[in-house]
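Take a look at the letters that make up each chain.
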Amino acid sequence: MIWSDVTTDPIDPGTVLKRVGAPGDGAAALFVGMVRNSNEGRPVGGMEYEGYRDMARDQLAAIAAEAAQQADSDRVAVVHRLGELAIGEVSVAIAVSSPHRAEAFRAARYVIEEIKKRLPIWKRERYLDGEEVWLEGHLPVTGIEGTR
Amino acid sequence: MRVKVLLFAAHRELVGQADTVAALPEGATVEVLIAELKARGGGWARLPVRPAVAVNHKYAGSDTMLEDGDEVALIPPVAGG
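Residues numbered from 1 in each chain as written. Chains lettered and ligands numbered in written order. Predicted model: local features only at pLDDT ≥ 70, side-chain atom pairs only at ≥ 80, totals over all residues. Heavy atoms only, no water.

> Outline the overall build of chain A, listing residues and values.
Of regular secondary structure, chain A possesses three helices and nine strands. Written out in order from the N terminus, the α and β elements of chain A read β-α-β-β-β-α-β-β-β-α-β-β. By the compact-globule yardstick of 15 Å for 148 residues, chain A fits well, its C-alpha radius of gyration being 16 Å. Here the C-alpha coordinates of chain A stretch approximately 50 × 45 × 25 Å along the principal axes. (Helix = DSSP H or I, 4+ residues; strand = E, 2+ residues; numbered from the N terminus. Rg over C-alpha atoms; globule rule 2.2 N^0.38 Å.)

> I'd like to hear about the interface of chain B and chain A, residue by residue, with values.
Between chain B and chain A, the residue contacts involve 32 residues of the former and 34 residues of the latter. In this assembly, chain B packs against chain A so that about 2,600 Å² is buried in total across both faces, 55% of it on carbon and sulfur atoms. Run the count over chain B and chain A and you get two salt bridges. When the shortest N-O distance is used, the salt bridge between A:E50 and B:R12 registers 2.4 Å. For the pair chain B and chain A, the number of links is 17 residue pairs in polar contact (both at pLDDT 80 or more). Those elements that provide at least two residues to the side of chain B that touches chain A are α1 (9-15), β3 (52-55), β4 (58-60) and β5 (71-75) of chain B. Residues of the side of chain B that touches chain A, tallied by class, amount to 18 nonpolar, seven polar and seven charged. (Contact = heavy atoms within 4.5 Å. Buried area = accessible area lost by both parts, 1.4 Å probe. Salt bridge = Lys/Arg side-chain N within 4 Å of Asp/Glu carboxyl O. Polar contact = N/O pair within 3.5 Å; in protein donor to acceptor, adjacent residues only side chain to side chain. Nonpolar A, V, L, I, M, F, W, Y, C, P; charged D, E, K, R; others polar.)

> Can you tell me about the sheet that holds β4(B), naming the residues and giving the values?
Residues and elements named next belong to chain B. Ordered in space as β2-β1-β5-β3-β4, the five strands form an open sheet in which the pairing is mixed. Edge positions in the sheet fall to β2 (19-23) and β4, since each has one partner strand and no second. Across this sheet, the average inter-strand angle for adjacent strands is 35 degrees, counted without regard to direction. The pairing of strand β1 (residues 2-6) with β5 spans three bridges and is parallel. Looking at β5, one finds that V5 is bridged to V72. (Pairing = 2+ DSSP bridges. Axes fitted to C-alpha atoms, helices over the stretch in contact; angles between N-to-C directions.)

Read these as geometric descriptors, not functional statements.
Below you can see the structure in the form of structure tokens.
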């Protein structure tokens, strides 16, 4: 089953991992992204994730489907968190299972890289010195001009 | 025609609001919409000339033709993960 979600609820990676797996699978890869306590040497106290939720859900479902196709597996689960997150909290969890490890690793990697390229989500970093900034992100590729 | 415009993160803070409605001539493109928004002055004028845009949840180029009732989101550089 391919499963994806964008949520304000805390993420339990174990639950995401349980969504994948099949009798013919010999490997499952689980990637977990967390909020860390510094960025470029500057102490960070927390992070706020803002998202264009409806579009992010569509995009994440599309990314998961692409990863599944590449891995020749329909066992892909991914969830991204929105809202206020403390240090160490999980911002994203991705699980992929497949007959062999290479496909599982590759597909999980694909999902996180595509999230960074095109999921309409932004993060505001709160530094311990009181300053807050929207992190510099990636300019999404907007597709072929003139299409609709 | 009228389109709904959504603003997020740094764009939202720049203009001080999360959404607006724009009245545009028939056949207007994304580029025309951005020009209309920037012409409002203040923080609007400081929006990028060619921001990434999504029309009805799909990324769209600046020459995409808009239709009445479209939901157009200005997408600042994304930073998920």
